[in-house]
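A look at the structure
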Amino acid sequence: MKIYFHMCFEGFTNSYTILNDNPNSMEAIIVDPGKITNRIISQIEEGGYKLKSVLITHNHRHHIQGLKTLSKIYTPTIYGADFENYEGMKSVILSGDGITTIGGLNVEYYSVPGHSPDSMVYKIEDVMFTGDTLLAGITGKTSSQYAQKMLCSKIQDKLFSLPGETIIFPGHGTPTTIESEKQYNLDF
């Protein structure tokens, strides 16, 4: 598995391309397509991959605006907690916590509402894509103190129980780890 980081300067959001280089799969997954660039398309096409899936951590415009471009080129299945038939693309609604196979990879998913009601976190091997739920040093913004306490509680229960070396790729900012967030996150 290879992971490529892409920065979208409109909204300063992070997007990721995951390439499953298993010769029996050769599938690509995009996480939070903030903007689809020639570089992203080239990684997929020149590598001989098939874009079959898109993971949405939450339905905020600056994290999904690239879906319109994707719908003109590919027909991926969109996975998210609150996403139905965007631009005619097939969608799978995820709820709660679970595990599924996407792009030939085992993907664990966790519902962690707080920043938004539809916030999902995805874990593949020892890597997590947290969207705006958990960023380096802070948690995502919430609408109230109650929502903030609930978000922190869910993060502690669901994410902080994972191995400390688990790498976090957030929706904004730099990568971090579970252990770093347990020790240094300002919201805990």
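In spatial order, the strands read 1-2-3-4-5-6; together these six strands make up an open sheet with mixed pairing. Each end of this open sheet is capped by a strand with a single partner; those strands are strand 1 (2–8) and strand 6 (91–93). Geometrically, the sheet is characterised by an average inter-axis angle of 20° between neighbouring strands, direction not taken into account. Across the face of the sheet, helix 1 (residues 38–46) comes into contact with strand 1, strand 2 (13–20), strand 3 (27–31) and strand 4 (50–55) while running at roughly 165° to strand 1.

Attention now goes to the side chain of Thr17. Considering the arrangement of structural elements, one finds Thr17 in strand 2. Excluding residues that lie within four positions of it along the chain, Thr17 makes contacts with Lys2, Ile3, Tyr4, His6, Ile29, Ile30, Ile40, Gln43 and Ile44.

The final tally for this structure, using the stated rule, is two salt bridges. Asp97 is paired through a salt bridge with Lys158; the nearest N and O atoms lie 3.1 Å apart. Linking Asp97 in the loop between strand 6 and strand 7 (98–102) with Lys158 in helix 4 (residues 145–159), this pair joins segments that are 61 residues apart in sequence. Under the relative-accessibility criterion, Asp97 is labelled partly exposed at 40%. For Glu108, the salt bridge identified is with Lys123, shortest N-O distance 3.9 Å. Pair noted here: Glu108 is in strand 8 (residues 105–111) and Lys123 is in strand 9 (residues 120–124), with a separation of 15 residues, a long-range link.

Our next topic: helix 4. Every α-helical turn comprises 3.6 residues, leaving residues that sit three or four positions apart pointing alike. Taking 1.5 Å of rise per residue, 15 residues should cover 21 Å, and helix 4 covers 20 Å from first to last C-alpha, within 8% of that figure. Taken together, the buried positions of helix 4 are Ala147, Leu151, Cys152, Ile155, Lys158 and Leu159. Looking down the long axis of helix 4, one finds its buried residues gathered within 150° of arc, a one-sided arrangement. Exposed residues on helix 4 whose side chains face more than 90 degrees from its buried face are Gln145, Tyr146, Lys149 and Asp157. Elements that come into contact with the buried residues of helix 4 comprise strand 8, strand 9, strand 10 (127–131), strand 11 (134–135), strand 12 (138–139) and helix 5 (178–184).

Right, let's get into the sheet that holds strand 7. Strand order in this open sheet of six strands is 7-8-9-10-13-14, and the pairing throughout is mixed. Two strands lie at the open edges of the sheet, namely strand 7 and strand 14 (176–177), each paired on one side alone. Where strand 7 and strand 8 come together, five bridges link them in antiparallel fashion. Bridged to Thr100 within strand 8 is Val107. Against the sheet, helix 4 engages strand 8, strand 9 and strand 10, with an angle of about 150° to strand 8.

Cut-offs and rules
Residues numbered from 1 in each chain as written. Predicted model: local features only at pLDDT ≥ 70, side-chain atom pairs only at ≥ 80, totals over all residues. Heavy atoms only, no water. Pairing = 2+ DSSP bridges. Helix = DSSP H or I, 4+ residues; strand = E, 2+ residues; numbered from the N terminus. Axes fitted to C-alpha atoms, helices over the stretch in contact; angles between N-to-C directions. Contact = heavy atoms within 4.5 Å. Salt bridge = Lys/Arg side-chain N within 4 Å of Asp/Glu carboxyl O. Buried < 20%, exposed > 50% of the residue type's maximum accessible area, 1.4 Å probe, protein only. Expected span 1.5 Å × (residues − 1). Arc of directions from axis to C-beta.

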